[in-house]
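# Working through the structure, step by step
Now for the letters of each chain:
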Amino acid sequence: MVETIGEEESTPVLSRYRLMKFWGERAPQDLRSMLAADGFHMSDRGYFCLANAMGRAMGDLVTGAPQLANEITPAITASVPRSLVRP
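Because the structure is predicted, anything quoted here is derived from the model rather than measured.

## A short note on helix 4 (residues 44-63)
Across its 20 residues, helix 4 extends 28 Å between first and last C-alpha, which sits within 8% of the 28 Å expected from 1.5 Å per residue. The set of residues buried in helix 4 consists of Gly-46, Cys-49, Leu-50, Ala-53, Ala-57 and Asp-60. Buried residues of helix 4, viewed axially, fall in a sector of 100 degrees; they line one side. Facing away from the buried side of helix 4, by more than 90 degrees, are the exposed residues Asp-44, Phe-48, Val-62 and Thr-63. Check the buried side of helix 4 and you find it contacts helix 2 (16-26).

Written as structure tokens, this is what we have:
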């Protein structure tokens, strides 16, 4: 539903789930360190990495000079104009 509204409003949506799934596929040991001891909630490191990814993505969108890092691109939904997302 959030992605649908983002598309309708031409608003970028960053999916935390997709981002964490990508991190887990890329480096499972890194993802484990981003989770709290219960293996479900995010740790301080996880929140730091999420905030860093969101900040870079927002900065790229604001400046109009996209430099989206590979770990961010899979988490941005199609509501972002294709010209802002590098392959």
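## Here we look at the confidence of the model for the protein chain
Across the protein chain, the average pLDDT comes to 75, with 72% of residues at or above 70. Helix 1 (residues 2-8) is the least confidently modelled element of the protein chain, averaging 81 in pLDDT, while helix 3 (residues 28-33) averages 86, the highest of any element. Confidence drops under a pLDDT of 50 for residues 78-87, and excluding neighbours within four residues, the segment shows 20 contacts in the predicted structure.

## Overview of the nonpolar core
Judged by nonpolar contacts, Leu-19, Met-20, Trp-23, Leu-31, Met-34, Met-42, Cys-49, Leu-50 and Ala-53 together constitute the single largest core of nine residues. When sequence neighbours within four positions are dropped, the list of residues in contact with Leu-50 reads Leu-14, Arg-16, Leu-19, Trp-23 and Met-42.

## Notes on the pattern of salt bridges
Enumeration over the complete set of coordinates arrives at one salt bridge. We note a salt bridge from Arg-18 to Glu-3, for which the minimum N-O separation is 3.0 Å. With Arg-18 in helix 2 and Glu-3 in helix 1, this pair connects stretches of sequence that are 15 residues apart.

## Topic: the environment of Leu-31
The residue Leu-31 is located in helix 3 in this model. Through-space distance from the C-alpha of Leu-31 to that of Met-20 is 7.2 Å; in sequence the pair is eleven residues apart. Those residues in contact with Leu-31, other than ones at most four positions away along the chain, are Met-20 and Gly-24.

Thresholds applied
Residues numbered from 1 in each chain as written. Predicted model: local features only at pLDDT ≥ 70, side-chain atom pairs only at ≥ 80, totals over all residues. Heavy atoms only, no water. Helix = DSSP H or I, 4+ residues; strand = E, 2+ residues; numbered from the N terminus. Expected span 1.5 Å × (residues − 1). Buried < 20%, exposed > 50% of the residue type's maximum accessible area, 1.4 Å probe, protein only. Arc of directions from axis to C-beta. Contact = heavy atoms within 4.5 Å. pLDDT = per-residue confidence, 0-100. Core = buried A, V, L, I, M, F, W, Y, C linked by side-chain atoms within 4.5 Å. Salt bridge = Lys/Arg side-chain N within 4 Å of Asp/Glu carboxyl O.

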